[in-house]
Number of protein chains: 2
Amino acid sequence: MDVRGVHHVALAVEDLDQAIDTYVRFFGAEVEERARIEEQGVDAVYLRVGEGRLELVSPLDPDTPVGRFLARRGPGMHHVAFEVDDVGEAVAMLNRSGANVLEPAPRRGFGGHQVAFVHPESLRGVLAEVVGG
Amino acid sequence: MDVRGVHHVALAVEDLDQAIDTYVRFFGAEVEERARIEEQGVDAVYLRVGEGRLELVSPLDPDTPVGRFLARRGPGMHHVAFEVDDVGEAVAMLNRSGANVLEPAPRRGFGGHQVAFVHPESLRGVLAEVVGG
C-alpha cells in the first residue's frame, strides 16, 4: 500500500474545549476545523501542531463508541490515521491481506475525507484509519 | 513552543518481530532503526510509513514501565512524540506553563535524540514526548 504518512493522531477526550486549551497552551496547537459528526456521535476538531495534526473527539452521549471507550479506558490516544492516495484501493488491499476492515467500503468522514477503519485485532491492539488526502 | 510536527507515534507490543511484520504487511512500513535500550527496559524499532514514523517498543521484562503498561492495558498506542528545535527550551517552557515533565532535564533517547516526557495527567490522559530533530 502506498501510505503517504500519518494524517492525524486521534485522542478521545471528555471536554473538547478544555482539551483544545491544553494542546494550545502546551504545544501551540491551532484549530484547523471543527464539526459535530452526528452519525459517529462525536464533536471533533482537527488541531495543527506544526506540520502534524491531532484529532480530538468527545462523545455526544455515553452510549456511543467513543463514549464507551472513555468509560472503559478513560481519556487518551484513540486511533492513528494513515493518509493514502486511494482509500478504495487501500481497503481492497487490506482485505486481501487478511485485515479486519470495519467498513465494507470507504465512507465520508470528518473534513469530507474518504475513510475506513481497521480493527485493533488486526494491528496489535491499535485502531487505525486510512484516510484520503 | 515551536513544534515542527509529530516525530513518531509509539505502540507498545508483546512481540517486536511479529508486530514489525504486521505493519510491513498491511502498511508497507520499513525498518529505519532498531536498538535495545537497557535503561528503559525495551527493544525498540523505528518504522517509516511513508513520511510518517511509528516506534514499536516491547519490554525486556514484565517489571518495566512498558511491561506494566502491557499488563494493565494490553498492547496498543503508548505515546505521541512532538519534534521540537530545542528540547531544553521546550522543557523549560512546559514547566513554566505548569506541565508535569517527567525528567528534570532532557536525556538521550532512542536514535540519539534529546528527549523528555510529559505526564498524561497534564495532557488529558496522553503520554507525550518532546524530541529533538
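The structure under discussion appears in the preceding block.
Read on for a plain summary of the structure. All chains use their own residue numbering, which begins from 1 and follows the written sequence. Chain labels run from A onward and ligand labels from 1 onward, assigned in the order the entries are written. For a predicted model such as this one, the threshold for reporting local features is a pLDDT of at least 70, and the threshold for listing and counting side-chain atom pairs is 80 or more; totals across whole chains, interfaces and linings nevertheless cover every residue. Note: side-chain values were computed over all heavy atoms of the structure, leaving out hydrogens and water.

Focus: a positive patch on the surface
Test applied: In this scheme, patches are assembled from residues that exceed 30% relative accessible area and form no salt bridge. Like charges are connected within 9 Å, while nonpolar side chains (Val, Leu, Ile, Met, Phe, Trp, Tyr) are connected within 5 Å. Areas reported as accessible are Shrake-Rupley estimates using a 1.4 Å probe. Residue values count occlusion only from the protein chains shown. What counts as a salt bridge is simple: a side-chain nitrogen of Lys or Arg found within 4 Å of a carboxyl oxygen of Asp or Glu. Under the counting rule used here, the positive set is Lys and Arg, the negative set is Asp and Glu, and His together with the chain ends is not counted. Note on charges: their place is set at NZ of Lys, CZ of Arg, CG of Asp or CD of Glu. Think of it this way: any DSSP run of H or I at least four residues long counts as a helix, any run of E at least two long counts as a strand, and we number them from the N terminus.
On the surface, Arg 72 and Arg 73 of chain A together with Arg 72 and Arg 73 of chain B cluster together to form a positively charged patch. Of all the secondary structure elements, the ones that give two or more residues to the positive patch are α2 (65-73) of chain A together with α2 (65-73) of chain B.

Description of the pairing of strand β1 (residues 3-12) of chain A
Residues and elements named next belong to chain A. Applicable threshold: Note on classification: 1.4 Å probe, protein chains only; a residue is buried when its accessible area is under 20% of the maximum for its type, exposed when over 50%, partly exposed between these limits. At least two DSSP bridges between two strands are needed for those strands to be called paired.
The buried fraction of β1 amounts to eight of the 10 residues, a majority that puts the element mostly inside the structure. Direction of pairing for β1 relative to strand β5 (residues 76-84): antiparallel, over a ladder of eight bridges. Bridging from a neighbouring strand, Gly 5 pairs with Glu 83 of β5. Examined bridge by bridge, β1 and strand β4 (residues 52-59) share four bridges and lie parallel to one another. The residue of β4 that forms the bridge with Ala 12 is Val 57.

Structural notes on α2 of chain B
All names here are of chain B. Cut-off, in case you're wondering: Directions drawn from the helix axis to the C-beta atoms are what define this arc. Residues count as neighbours in contact if any of their non-hydrogen atoms are within 4.5 Å of one another.
Val 66, Gly 67, Phe 69 and Leu 70 are the residues of α2 that are buried. Along the axis of α2, the buried residues cluster in a sector spanning 160 degrees; they form a single face. For α2, exposure combined with an orientation more than 90 degrees from the buried face picks out Pro 65, Ala 71 and Arg 72. On its buried side, α2 packs onto β1 (3-12), β3 (42-49), β4 (52-59) and β5 (76-84). Phi turns positive, to about 80 degrees, at Gly 74, one or two residues after α2.

Here's the deal with the relation of the copies chain A and chain B
Put simply, the rule is: To line up the copies, we fit them by least squares on C-alpha atoms, keeping just the residues with pLDDT of at least 70 in both.
With an RMSD of 0.0 Å, chain A superimposes on chain B once it is rotated by 180 degrees and translated 0.0 Å along the axis. Given the turn and translation reported, the copies of this chain are related as if by a two-fold rotation axis. Nearest to the rotation axis, the C-alpha of Met 77 of chain A is located 3.2 Å from it, this being the minimum over chain A.

Points about the interface of chain A and chain B
Just so we agree on the cut-off: Here the buried area means the combined drop in accessible surface, using a 1.4 Å probe, for two parts upon being joined, counting both sides. Between N or O atoms, a polar contact is any pair within 3.5 Å; within protein, one atom must be a potential hydrogen donor and the other a potential acceptor, and residues adjacent in sequence are included only when both atoms are from side chains.
If you look at the interface, chain A gives 40 residues, while chain B gives 40 residues. Both faces combined, the contact of chain A with chain B buries some 3400 Å², and carbon together with sulfur accounts for 69% of it. Taken as a group, Phe 26, Phe 27 and Arg 124 of chain A account for 24% of the area that chain A buries against chain B, more than any other trio of residues on that side. Taken together, the connections running from chain A to chain B amount to zero salt bridges. Linking chain A with chain B are nine residue pairs in polar contact (both at pLDDT 80 or more). If you list the elements that add at least two residues to the side of chain A that touches chain B, you get β1, α1 (16-27), β4, β5, α3 (87-96) and β8 (128-132) of chain A. With seven residues, α1 of chain A is the single largest residue contributor to the side of chain A that touches chain B.

Concerning the sheet that holds β5 of chain A
Judged by pairing direction, the sheet is mixed, and its eight strands sit side by side in the order β2-β3-β4-β1-β5-β8-β7-β6 (chain A) without closing on themselves. Of all the strands in the sheet, the pair left with one neighbour each is β2 (30-37) and β6 (107-108) of chain A.

With respect to the pattern of salt bridges
Two side chains that carry opposite charge are able to pair once their charged atoms sit near each other. Residues and elements named next belong to chain A. As enumerated under the stated definition, the model contains 16 salt bridges over all chains in all. Between Glu 83 and Arg 4 there is a salt bridge whose closest N-O contact spans 2.7 Å. With Glu 83 in strand β5 and Arg 4 in strand β1, this pair connects stretches of sequence that are 79 residues apart. Residue Glu 83 is classed as buried on the basis of its relative accessible area of 17%. Residue classification places Arg 4 among the partly exposed residues on the basis of a relative accessible area of 39%. Among the salt bridges present, the one from Glu 32 reaches Arg 53, with a minimum N-O distance of 2.8 Å. With a gap of 21 residues between them, Glu 32 in strand β2 and Arg 53 in strand β4 connect regions that are remote in the sequence. Linked through salt bridges whose partners overlap, the residues forming this network are Arg 4, Glu 83 and Asp 85.

Quick notes on the nonpolar core
Inclusion rule: Throughout, nonpolar core names a set of buried Ala, Val, Leu, Ile, Met, Phe, Trp, Tyr and Cys residues whose side chains join them through atoms within 4.5 Å.
The biggest cluster of nonpolar side chains holds 64 residues, and the ones touching the most others in it are Phe 27 of chain A together with Phe 27 of chain B. Residues in contact with Phe 27 of chain A, not counting those within four places in the same chain, are Val 49 of chain A together with Met 1, Val 3, Phe 82, Leu 94, Leu 123, Ala 128 and Val 130 of chain B.

Description of the packing of aromatic side chains
All names here are of chain A. Under the convention used in this document: Note on aromatic pairs: the rings of Phe, Tyr and Trp (six-membered ring only in Trp) are paired at centre separations within 6.5 Å, and the planes decide the class, stacked below 30 degrees, edge-to-face beyond 60, tilted for the rest. Note on criteria: charge over ring means Lys NZ or Arg CZ within 6 Å of the ring centre, with the direction from the centre no more than 35 degrees off the ring normal.
A complete count under the given rule lists six aromatic pairs over all chains for this structure. Ring centres of Tyr 23 and Phe 27 lie 6.2 Å apart, and the angle between their planes is 25 degrees; this geometry places the pair in the stacked category. You can see Tyr 23 and its partner Phe 27 sitting in helix α1, four residues apart, about one turn around the helix. We classify Phe 27 as buried; its relative accessible area is 1%. Lying across the ring of Phe 26, Arg 25 places its NZ or CZ 4.6 Å from the centre.

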